Amino acid sequence: MKKATKTAVSALLAVSVMAGATSCSLFDKANEQCQEVGDEFIKAALEREITDMIDLCEDEDDATEALGAYEEENEPVDMIISRGEFEAGKAECKTKDGKGKIEYTITLPDYEAALDEDPEDEDEFDDLLDDVEGTVEINVTLEFKLNKKDKWEISNPDDFAEDFFGELDDIDFPFGPDYSTMISYTDWWYTSSYELELDMIVDSAYQDVVFEFYFEVYNNNGNNLIYTSPDKTDSGYYIEAYFYPSDIGLTSFPDDTYKIVFYDLNGHEIASDSYTLSGGY
C-alpha cells in the first residue's frame, strides 16, 4: 500500500513539473510585448516623431545618431509616409533569451507612379498620391532586447533608419521644398542710390535649410525687369538679395519704385517686396 502511494505521488510530482514548464511557455508574453513596442515605433516613424522613436530604443545615443539625421521636416516624404500602413510578421521574442525580432511590411502609395506624372509642385504631388492605385512595400526587421527592468527595446535603429528613411531620402523629386512657408517676413536691410538689399527672414525652425534660389529686380513701379541674379545658395537667419548700380551698367540708381522677387530654382516665387527710392534713399 505504501509503495503504491509513493508511486502515485511521484507521478503527480512529474506531471506538476511538466505543467509548470509548459505554463512558462504558454504565459510568456514576450511576443505580445515586443509587438506593442514595435508597433509604437513604426507608428512614430510614419508620423516622423523621431524623439518618440529614440525613447523606444536600447541605446538612445546610437538611436539619436542614426535617426536624428531624419528629424528635419521633408514635406514630400512626409506626404508619402503619412499615408502609410503597416503589418507585423510573426514575432520571435523569448524572455529567456532576452532577444527577439519582428519583420514589418510598410505599405505606401505608389510614389513612383505619382512622380511619373511629372507633378509641378508639392501640392500637385499630394493630389496624385491620393489618386494612385498601386502601392510600394518596404520590408524592415526590428530587433529587440530585454533590459534590466524587463522592458523590451529596439536594438537596431540604424538598420531601420537606412532601410526606411534612407530609402525615401533617395527619392529624386522634380520640385524643391516650398521655401515660401519657411519665411517669416522680408526686410529692406539697406536702401540707397548705391545699393538695394532685401532680406528674407527665415523662421527659426528652418534656419538649417539650404535655400537654392535666384532673384529678379524690377523698376518702373515694379513692372519692368532690369536684372536677374545668378543661382545662389544660402542658409541661416536671413537670405539676402543685394543689387548694385554696376550690375546694370549704372553709377547710381535713379529715384523709382523697385521690386525684388525671390524664386526657387524651379521658378516658384518665395517672397517679394517693393521700395520707393526718393532723394537717393
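Computed from a predicted structure; not experimentally measured.

Peer 1: With reference to specific residues and values, describe the overall build of the protein chain.
Peer 2: Broken down by element type, the protein chain carries eight helices and 13 strands. Over its C-alpha atoms, taken along the principal directions, the protein chain stretches across nearly 125 × 40 × 20 Å. Expressed as a percentage of its 281 residues, the buried residues of the protein chain come to 39%. Counting contacts in the protein chain only where the partners sit at least 6 residues apart, residues at least 24 apart contribute 63% of the total. Split by element, the accessible area of the protein chain, about 16,400 Å² in all, is 44% carbon and sulfur. Here the protein chain contributes 18 positively and 70 negatively charged side chains, and the mean placements of these two sets differ by 28 Å.

Peer 1: Describe helix 7 (residues 122-131), and please don't skip the residues or the numbers.
Peer 2: Among the residues of helix 7, those classed as buried are Glu 122, Phe 125, Leu 128 and Leu 129. Viewed end-on, helix 7 has its buried residues packed into an arc of 115°, placing them on one side of the element. Residues Asp 123, Asp 130 and Asp 131 are exposed on helix 7 and point more than 90 degrees away from its buried face. Those residues of helix 7 that are buried lie in contact with helix 5 (75-81), strand 3 (99-109) and helix 6 (111-116). One side-chain oxygen at the N-terminal end of helix 7 lies 3.2 Å from the backbone nitrogen of Asp 123; it belongs to Asp 121.

Peer 1: Report on the side chain of Glu 122, specifying residues and quantitative values.
Peer 2: Here Glu 122 is to be found in helix 7. Salt bridges are absent for the buried Glu 122, whose nearest opposite-charge side chain, Arg 48, sits at 11 Å. When sequence neighbours within four positions are dropped, the list of residues in contact with Glu 122 reads Glu 75, Pro 76, Met 79, Phe 175, Gly 176, Pro 177 and Asp 178.

Peer 1: Please give an account of the packing of helix 4 (residues 60-67) against helix 8 (residues 157-169) that cites residues and values.
Peer 2: Packing of helix 4 against helix 8 brings their axes to within 8 Å, and their N-to-C directions diverge by 15°. One element, helix 4, and the other, helix 8, form an angle in the roughly parallel class. Of the two possible hands of crossing, helix 4 and helix 8 adopt the one that is right-handed. Only Pro 157, Asp 158, Phe 160, Ala 161 and Phe 165 of helix 8 make contact with helix 4, whose side of the interface consists of Ala 63, Ala 66 and Leu 67. Grouping the amino acids of the contact of helix 4 with helix 8 by side-chain chemistry returns seven nonpolar, no polar and one charged.

Peer 1: Explain the nonpolar core residue by residue, including any values.
Peer 2: Among the nonpolar cores identified, the biggest contains 48 residues, and Phe 41, Leu 67, Phe 125, Phe 160, Phe 164 and Phe 165 are the most heavily contacted of them. No other element matches helix 2 (residues 30-46), which puts eight residues into this core. Not counting chain neighbours up to four residues away, the residues in contact with Phe 165 comprise Ala 45, Ile 50, Met 53, Leu 67, Tyr 70, Ile 81 and Phe 160. Grouped together as the second largest cluster of nonpolar side chains are 25 residues, Tyr 206, Phe 215, Phe 243 and Phe 262 included.

Reading the values: rules and limits
Residues numbered from 1 in each chain as written. Predicted model: local features only at pLDDT ≥ 70, side-chain atom pairs only at ≥ 80, totals over all residues. Heavy atoms only, no water. Helix = DSSP H or I, 4+ residues; strand = E, 2+ residues; numbered from the N terminus. Buried < 20%, exposed > 50% of the residue type's maximum accessible area, 1.4 Å probe, protein only. Contact = heavy atoms within 4.5 Å. Areas by Shrake-Rupley, 256 points an atom, 1.4 Å probe, with all protein chains shown as cover. Lys, Arg positive; Asp, Glu negative; His and termini not counted. Charge placed at Lys NZ, Arg CZ, Asp CG, Glu CD. Arc of directions from axis to C-beta. Polar contact = N/O pair within 3.5 Å; in protein donor to acceptor, adjacent residues only side chain to side chain. Salt bridge = Lys/Arg side-chain N within 4 Å of Asp/Glu carboxyl O. Axes fitted to C-alpha atoms, helices over the stretch in contact; angles between N-to-C directions. Parallel < 35°, antiparallel > 145°, perpendicular 65-115°, else oblique. Left-handed = near helix turned anticlockwise from the far one by under 90°. Nonpolar A, V, L, I, M, F, W, Y, C, P; charged D, E, K, R; others polar. Core = buried A, V, L, I, M, F, W, Y, C linked by side-chain atoms within 4.5 Å.

None of this, on its own, says anything about what the molecule does.
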